[in-house]
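Residue strings, one per chain:
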Amino acid sequence: MAATALVVGASGIVGSATAGLLVEQGWTVHGLARRPVDQAGVTPVVADLQDVAGTAAALSGLRPDAVFITTWLRQDTEAENIRVNAAMVRNLLDGLRPGGSTTHVALVTGLKHYLGPFEAYGKGTLPQTPFREEQPRLDVENFYYAQEDEVFAAAARDGFGWSVHRPHTVIGKAVGNAMNMGTTLAAYATLCRETERPFRFPGSAAQWNGLTDMTDARQLARHLLWAATTPAARDEAFNVVNGDVFRWSWMWGRIAEWFGIEAEPFDGVVRPLEEQMADDADVWRELAEKHDLVEPDLSRLASPWHTDADLGRPIEVVTDMSKSRRMGFTAYQPTDDAFFDLFAQLRADRLIP
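Procedures and definitions
- Residues numbered from 1 in each chain as written.
- Predicted model: local features only at pLDDT ≥ 70, side-chain atom pairs only at ≥ 80, totals over all residues.
- Heavy atoms only, no water.
- Helix = DSSP H or I, 4+ residues; strand = E, 2+ residues; numbered from the N terminus.
- Rg over C-alpha atoms; globule rule 2.2 N^0.38 Å.
- Buried < 20%, exposed > 50% of the residue type's maximum accessible area, 1.4 Å probe, protein only.
- Contact = heavy atoms within 4.5 Å.
- Areas by Shrake-Rupley, 256 points an atom, 1.4 Å probe, with all protein chains shown as cover.
- Lys, Arg positive; Asp, Glu negative; His and termini not counted.
- Charge placed at Lys NZ, Arg CZ, Asp CG, Glu CD.
- Axes fitted to C-alpha atoms, helices over the stretch in contact; angles between N-to-C directions.
- Parallel < 35°, antiparallel > 145°, perpendicular 65-115°, else oblique.
- Left-handed = near helix turned anticlockwise from the far one by under 90°.
- Nonpolar A, V, L, I, M, F, W, Y, C, P; charged D, E, K, R; others polar.
- Core = buried A, V, L, I, M, F, W, Y, C linked by side-chain atoms within 4.5 Å.

Here we look at the overall build of the chain
Stage number 1. Of the regular secondary structure elements, the chain holds 14 helices and 11 strands.
Stage number 2. Here the C-alpha radius of gyration of the chain, 20 Å, is about what a compact globule of 353 residues would show, namely 20 Å.
Stage number 3. Projected onto the principal axes, the alpha-carbon positions of the chain cover approximately 60 × 45 × 35 Å.
Stage number 4. In the chain, which comprises 353 residues, the share counted as buried stands at 56%.
Stage number 5. Contacts in the chain between residues at least 24 apart in sequence constitute 78% of all its contacts with a sequence separation of at least 6.
Stage number 6. Accessible area of the chain: about 14,700 Å², with a carbon and sulfur share of 48%.
Stage number 7. The centroid of the 32 positive side-chain charges in the chain is displaced by 3 Å from the centroid of its 47 negative side-chain charges.

Structure representation (structure tokens):
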């Protein structure tokens, strides 16, 4: 199927991977972002989804068959997250309505559907793991739910099908992304190597010892394309992970080995990256000059707060994908290779030495 797609958030980790896959598959691809980046085969669309009139003007004349929503804006409170991010989805879908071309809208959310928003993350009464799609929403305000409700309302009004995709932590490349564990760990390992600091696991004993899983951005892109082109997937929500499980007690040493450093034995003490990397901006700037790196601003590469949220969880988190498997999605991605592929790309693009 060759069709026209609008990827919303095309400059981000998920959006850029999705746009790239669609181009490979012969789609005509438009990539919407506030500040688009050049990507082969992708026609940029400049828009701020908080601006109703500006969004409508930017979308005028576009006739996408499928829309992939892969963006959100972090706010200081969950109430503001709900207000801003729900409005962005609403403004987008209202702006596309006059064209009448859209047959499928995919929304990317995540496991905070089960774990709760940042203000109540991993607290209270949570569903049992592995998380399964039939588990109900938590009894708490959550901007993911608000985004879903905007999609559901527009679908009922305009007649398109939808899919919701709930990845675990996404591994992939994007500069300036608010949630970027892979590049954060690459920057941290580089700093440890260059300054001869110990490479210390920042998180909890539950994460160190427990099973977990993750989602490669390329795996998520394949899942988005599959759902958009599979009739049985219409109007369904799905978990999407790589298909393997691991323990950080194993993965941490694998990452250290890739960077040619030793992993310090974990002693059970939580040492958040926000604290470990608090004074590293100037150190990174010096490293960037020394190694001729293209991004001297550490804050555009690393998001320690988000990595700390994931690695500091006091509970084991694994995700069930049986729903997708039963419908025919069988793609698989080893998570250690996801990290290593990302690290190699970051090095090739001179984002790390």
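Now, onward.
Describing the packing of helix α9 (residues 248-258) against helix α14 (residues 335-348)
Stage number 1. Following both chains from N to C, one finds α9 and α14 inclined at 25°, their axes separated by 11 Å at the closest point. Relative to α14, the element α9 lies roughly parallel. Between α9 and α14 the crossing geometry is right-handed. Residues W248, W250, M251, R254, I255 and W258 of α9 lie in contact with α14, whose contacting residues are T335, D336, F339, F340, F343, A344 and R347.
Stage number 2. Looking at side-chain class alone, the contact of α9 with α14 contains 9 nonpolar, 1 polar and 3 charged residues.

What to know about the nonpolar core
Stage number 1. Of all hydrophobic cores here, the largest spans 40 residues; its most connected members are F199, W248, I255, W284 and F339.
Stage number 2. Elements represented by at least two residues in this core include exactly α6 (181-195), α9, α11 (281-291) and α14.
Stage number 3. Looking at this core, the element that brings in the most residues is α6, giving 8 residues.
Stage number 4. Setting aside residues up to four positions removed in sequence, W284 forms contacts with A187, T190, L191, L293, E295, P296, D297, L298, L301, L351 and I352.
Stage number 5. Counting 33 residues, the second-largest nonpolar core is a separate cluster that includes A19, V170, L220 and L225.

With respect to unusual backbone geometry
Stage number 1. Geometrically, the link from T129 to P130 is a cis peptide bond, its omega value of 0° lying close to zero.
Stage number 2. Tracing the backbone through its elements, the reader meets P130 in the loop between α4 (112-115) and α5 (143-158).
Stage number 3. Positioned with a positive phi, R350 is a non-glycine residue whose angle comes to about 60°.
Stage number 4. Tracing the backbone through its elements, the reader meets R350 in the segment after α14.

Don't take any of this as a statement about function, it's just geometry.
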